[in-house]
Amino acid sequence: MEELLAERERVAFLYRKLDAQRAVALRALEEALGDTTAQRWQREVSVRTLSDQLSRLRVADDGLCFGRTDHVDGTRTYIGRVGLFDEQDEYEPLLTDWRAPAARPFYVATAAVPEGLTRRRHFHTRGRRLQDFHDDELRLDGVALTAALDAPREEVMRDIVATIQVEQDEIIRFDHPGVLVVEGGPGTGKTAVALHRVAYLLYTQRERLAKRGVLVVGPNSGFLRYIGNVLPSLGETDVVFASPGDLMPRLRTVREDVPEVQRRKGGLGILDLLAAAVAQRQELPAEPVPIELEHCVVHLDAAVAEVARTRARQAGLLHNHTRVVFHEALVDVLLDVALAEIDEPWDGVAADVRRELYAHRELRAAVDVLWPALTPRRLLAELYESPDRCAELGVPEFHREVGRAWTVSDVPLLDEAAELLGEHALKPKEEKAGQEYAQGVLEILDTDPTMDPDLLRAVDLIDAEHLAERHEERDHRYLAERAAADREWTYGHVVVDEAQELSEMDWRLLFRRCPSKSMTIVGDLSQRQSAAGARGWSDVLDRYAGSRWAYRELTLNYRTPAEVMDVAAAVLAEVDPTATVPRSVRRNGIAPWAAEVADLRGAVAAELALRHGGTVAVIAPESVTDLPGPVITPREAKGLEFDTVLVLEPHLMAAGERYVALTRATQRLGVLHTAPLPASLHGLRPRAATGG
Ligand SMILES: Nc1ncnc2c1ncn2[C@@H]1O[C@H](COP(=O)(O)OP(=O)(O)OP(=O)(O)O)[C@@H](O)[C@H]1O
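Residues numbered from 1 in each chain as written. Predicted model: local features only at pLDDT ≥ 70, side-chain atom pairs only at ≥ 80, totals over all residues.

Per an unreviewed UniProt entry, the protein chain goes by the name DNA helicase IV and belongs to Umezawaea tangerina.

The following block contains the structure:
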């Protein structure tokens, strides 16, 4: 009891420190906001830094300190969400940030390899109050983990900082600058690990990552909502969350193509088709277009346009940037025709006629038709909406009615089209203008004749590119907003969850968004549901990362009790007979069951009325409708978990979908069906239905 009181006092003391630091930061922020003497950009930088600091201190409110390590040399380290220092005592650490190297033994020490520890202490807090603690003998399968895994789930995922396991910790801190693939079965903590790795990287590489931000790609918005709390709870905000349907600014879609079209649009073969779709828009006139000049009439016919088109294409520029070249080539060819027509040439005739041709409205109008300025959306919409264009390119199945929404598979195609068409013709110029401005500033700073040549000059400290970047800081939006709105934004790190679902074209887009190739990719090939998804990691990654990508596996299932995994194992064998089932870390004594029913709706209602407590989901194939309760499809269930799961009509699901549906339960699993179960589910305990 005495010890609990002492620890309680320690935690209370840490909260007092936190409050004091928060008050200081808040005062500084108020001062910065009111400071009219500072330059505007200086003020913005201070305000941003202080707001970030405040939001980091704010998230620490809940569960500030979650443990302590006792070392063989008699010292102790308290581990928490943020680092706190004693400014009155030479900045002695009072609380060590969980991401700091000094915190590592808390996660990795085992009885076999104690990492210099004699004891690890786990705190249980409610709000700001320490309720209790327990010590363990450095066996991480101990009480804290069991308590965390048995706890009922909430609507949003929680962070696992207090109970990270050794194999997980190694991945979180894995020092690999390129692509890291983390594979593991359902519930092995892939998502949790990927998010904690982001928090860790943002801490250890703050300089680099805070500037470019981190992109987290998850399968759908439900999943993103579910995980959206983990990073803020760890104090991280410079992160953009997106599903594959959100990766194009100003477009959000969840619509899916039929599997056949998904496969076609998702494969790299589509690149040739896109190039052909652009070429298809570089047209020849069906009828000659008369161009009336002052002294003659020339005709823009297919032969003239063909010569100009060949010349334009030879310029090797992007489609939109080539319009001027095509226009010029047309003028050149028609000028020759006109000069041959004019009977009595005068001095300077060529220059006069050229000027006239250039400015000619009909000729300009013809350029707009024969070589139109195209946005990615216009290119693809006008292709899909024209049965003839689709047929000409050999993809009649791409045809869609006018005004139909974009699909998720269209997103990488739109992105690719932007690359092919040259969407932002002005961007490089704007950038250059920024740099020229900055260079000018530096030159002014540099021309002070009274300056001592031995002193460092501004140009020695900063080059124009960097000053221009700072100049860009004038954009007030948070990094996440700016990044999400800019198709050409490149991120410092990209995380892809449920990565098995992404198509080759999705990967192409993502690697464009991350030229540094600093990525954490987590997935499970056995859970693939998408027709265009990955078959193997090498197929996807060798193209971009060569052999420089690293692979790690997670093997323990922290979600699903062994009773449920025994059932899922047979289904996994259907998906991939060579795959191994992850080992569950616990049994809960509740056997999964199946009931054959006549009235599915009534049976679901009766089950839901039992109210086991905790979260509940009913997972049904898309074709089964008109059901009570929170029904989701296997696709929507990806990455989520619930205390009680009811799976309906598994025989109507593909094997991969069945596997995902069955592995969502943290406690109870029931199956309701109106037709015989597939053989792989014969192991389920038959049970009479509660109702129906
Ligand atoms: N070290 C841990 N301590 C406590 N809980 C953990 C730990 N590791 C994982 N979990 C919990 O296990 C559950 C499954 O984790 P997660 O969703 O990250 O698994 P996953 O591998 O992404 O699963 P899936 O492939 O099914 O999406 C979550 O509730 C997570 O919080």
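A few points about the overall build of the protein chain
Test applied: Helix numbers and strand numbers start at the N terminus; a helix is a DSSP run of H or I with at least 4 residues, a strand a run of E with at least 2. Here contacts are defined at the residue level, using C-beta atoms placed from the backbone and a cut-off of 7 Å between them.
Within the protein chain one finds 28 helices and 22 strands. In the protein chain, 72% of the contacts between residues at least 6 apart in sequence involve partners at least 24 apart.

Brief notes about the domain arrangement of the protein chain
The line we're drawing: In this entry, domain limits derive from an automatic or database-based domain assignment.
Partitioning the protein chain into structural domains gives domain 1 (1-148), domain 2 (169-248 + 487-554), domain 3 (259-280 + 375-421), domain 4 (289-370), domain 5 (428-471) and domain 6 (562-686). Taking the mean C-alpha position of each, domain 1 and domain 4 sit 72 Å from one another.

A word on the sheet that holds strand β14 (residues 550-554)
Neighbouring strands of a sheet are bound in pairs by backbone hydrogen bonds; such pairs are parallel or else antiparallel. The following threshold applies: Two strands qualify as a pair provided DSSP detects at least 2 bridges between them. Structural elements are reduced to axes, namely lines fitted to C-alpha atoms, with helices fitted over the stretch in contact, and the angle between N-to-C directions of any two is expressed from 0 to 180 degrees.
Judged by pairing direction, the sheet is parallel, and its six strands sit side by side in the order β9-β8-β12-β13-β7-β14 without closing on themselves. Looking at the sheet topology across the chains shown, the edges are occupied by β9 (239-242) and β14. On average, adjacent strands in this sheet sit at an angle of 15° to one another, irrespective of strand direction. The pairing of strand β8 (residues 214-217) with strand β12 (residues 493-496) spans four bridges and is parallel. Across the sheet, valine 214 pairs through a bridge with histidine 493, a residue of β12. Against the sheet, helix α6 (residues 190-204) engages β7 (179-184), β8, β9, β12, β13 (519-523) and β14, with an angle of about 170° to β13.

Quick look at the nonpolar core
The test is simple: Here, a nonpolar core means buried Ala, Val, Leu, Ile, Met, Phe, Trp, Tyr and Cys residues linked by C-beta atoms lying within 7 Å of one another. Residues with at least 20 neighbouring C-beta atoms inside 10 Å of their own are called buried, those with 12 or fewer are called exposed, and the rest are partly exposed, where every C-beta is derived from the backbone.
By size, the foremost hydrophobic cluster in this structure holds 129 residues, and its most contacted members are Val198, Val214, Val494, Val496, Ala568, Ile619 and Leu662. The contacts of valine 494, once residues within four sequence positions are left out, are Leu215, Val217, Leu510, Arg513, Cys514 and Met519.

Points about the UniProt feature "binding site: ATP" (unreviewed entry) in the protein chain
Using the following cut-off: UniProt positions are given in the numbering used here, feature names are shortened, and annotations may be inferred rather than shown by experiment.
According to UniProt, the feature "binding site: ATP" (unreviewed entry) maps to Gly184, Gly185, Pro186, Gly187, Thr188, Gly189, Lys190 and Thr191 in the numbering used here. As for its placement among the helices and strands, glycine 185 is situated in the loop between β7 and α6. Apart from the residues within four sequence positions on either side, glycine 185 is in contact with Asp524, Asn557, Val581 and Pro582. Within the fold, glycine 187 resides in the loop between β7 and α6. Glycine 187 sits in the buried class, given 27 other C-beta atoms within 10 Å. Discounting residues that sit within four places of it in the chain, glycine 187 has contacts with Asn557, Tyr558, Arg559, Thr560, Pro582 and Thr663.

Remarks on unusual backbone geometry
In this structure, tyrosine 91 is a non-glycine residue whose phi angle is positive, near 55°. Although it is not a glycine, glutamate 649 adopts a positive phi angle of roughly 45°. Within the fold, glutamate 649 resides in the loop between β20 (642-648) and α28 (655-662).

With respect to the site of the ligand
Note the cut-off: Each residue receives a C-beta atom built from its backbone; the residue is near a molecule or strand if that atom lies within 6 Å of it. Under this grouping Gly is polar, as are all residues other than the nonpolar Ala, Val, Leu, Ile, Met, Phe, Trp, Tyr, Cys and Pro and the charged Asp, Glu, Lys and Arg.
Around the ligand, the structure places 23 residues, and the nearest of them are Pro186, Gly189, Lys190, Thr191 and Tyr558. Listed by contribution, the elements that provide at least two residues to the shell around the ligand are α4 (143-150) and α6. Taken together, the residues of the shell around the ligand sort by class into eight nonpolar, eleven polar and four charged. Summarising the domain contributions, the shell around the ligand has at least three residues from each of domain 2 (169-248 + 487-554) and domain 6 (562-686).

With respect to the packing of helix α12 (residues 302-314) against helix α13 (residues 319-341)
Here is the rule we go by: Here is the rule for angles: anything less than 35 degrees is roughly parallel, anything more than 145 is roughly antiparallel, 65 through 115 is roughly perpendicular, and the remaining ranges are oblique. For any helix crossing, the convention is left-handed if the near helix is rotated counterclockwise from the far helix by under a right angle, and right-handed if that rotation is clockwise.
One can describe the packing of α12 onto α13 by two numbers: an axis separation of 8 Å at closest approach and a directional angle of 135°. In terms of orientation, α12 lies oblique with respect to α13. Between α12 and α13 lies a crossing whose hand is right-handed. Contacts between α12 and α13 involve Val304, Val307, Ala308, Arg309, Arg311 and Ala312 from the first element and Thr322, Val325, Phe326, Ala329, Leu330, Val333 and Leu334 from the second. Residues that form the contact of α12 with α13 fall into these classes: ten nonpolar, one polar and two charged.

Overview of the environment of tyrosine 551
For tyrosine 551, the location among the structural elements is in strand β14. Overall, the presence of 13 C-beta atoms within 10 Å leaves tyrosine 551 in the partly exposed class. Taking the C-alpha atoms as reference points, tyrosine 551 and glycine 394, 157 residues apart in sequence, are found 39 Å from one another. Leave out the neighbours within four places in its chain, and tyrosine 551 touches Val181 and Trp537.

Thoughts on the sheet that holds strand β18 (residues 616-619)
Read from one edge of the open sheet, six strands run β19-β18-β20-β21-β17-β22, paired in parallel fashion. Taken across any chain shown, the strands that pair with only one partner, and hence form the sheet edges, are β19 (631-632) and β22 (685-686).

With respect to helix α18 (residues 410-421)
The condition that has to hold: Expected helix span is computed as 1.5 Å times (number of residues minus one).
With twelve residues, α18 should cover 16 Å at 1.5 Å per step; its first-to-last C-alpha distance of 16 Å lies within 8% of that length. Counting buried residues along α18, ten of its twelve residues qualify, which places the element largely inside the surrounding structure. The complete set of buried residues in α18 reads Asp410, Val411, Pro412, Leu413, Leu414, Asp415, Glu416, Ala417, Ala418 and Leu421. The positive-phi residue at the C-terminal boundary of α18 is glycine 422, with phi of around 80°.

Observations concerning the environment of histidine 327
Positionally, histidine 327 belongs in helix α13. Separated by 182 residues in sequence, histidine 327 and leucine 509 have C-alpha atoms that sit 32 Å apart.

With respect to the environment of valine 166
Counting through the fold element by element, valine 166 comes out in helix α5 (residues 166-172). With 12 C-beta atoms packed within 10 Å, valine 166 lands in the exposed category. Sequence spacing of valine 166 and valine 108 is 58 residues, and the spatial spacing of their C-alpha atoms is 4.9 Å.

With respect to the pairing of strand β21 (residues 665-673)
What counts here: Seen with its strands pointing away from the viewer, a crossover is right-handed when the path leading from the first strand over the helix to the second is clockwise.
Summarising burial for β21: nine of the nine residues are buried, a large majority. By the bridge criterion, four bridges tie strand β17 (residues 593-596) to β21 in an arrangement that is parallel. Among the inter-strand pairings, alanine 594 is bridged to a residue of β21, identified as valine 671. Handedness of the β-α-β unit built from β20, α28 and β21 comes out right-handed.

Some words on the packing of helix α11 (residues 270-280) against α18
Running from amino to carboxyl end, α11 crosses α18 at an angle of 50°, the nearest separation of the two axes being 10 Å. On the basis of their axis angle, the class for α11 and α18 is oblique. In terms of crossing hand, the pair formed by α11 and α18 is right-handed. Contact residues: Ile270, Leu271, Leu274, Ala275 and Val278 in α11; Leu413, Glu416, Ala417, Leu420 and Leu421 in α18. Partitioning the contact of α11 with α18 into residue classes produces nine nonpolar, no polar and one charged.

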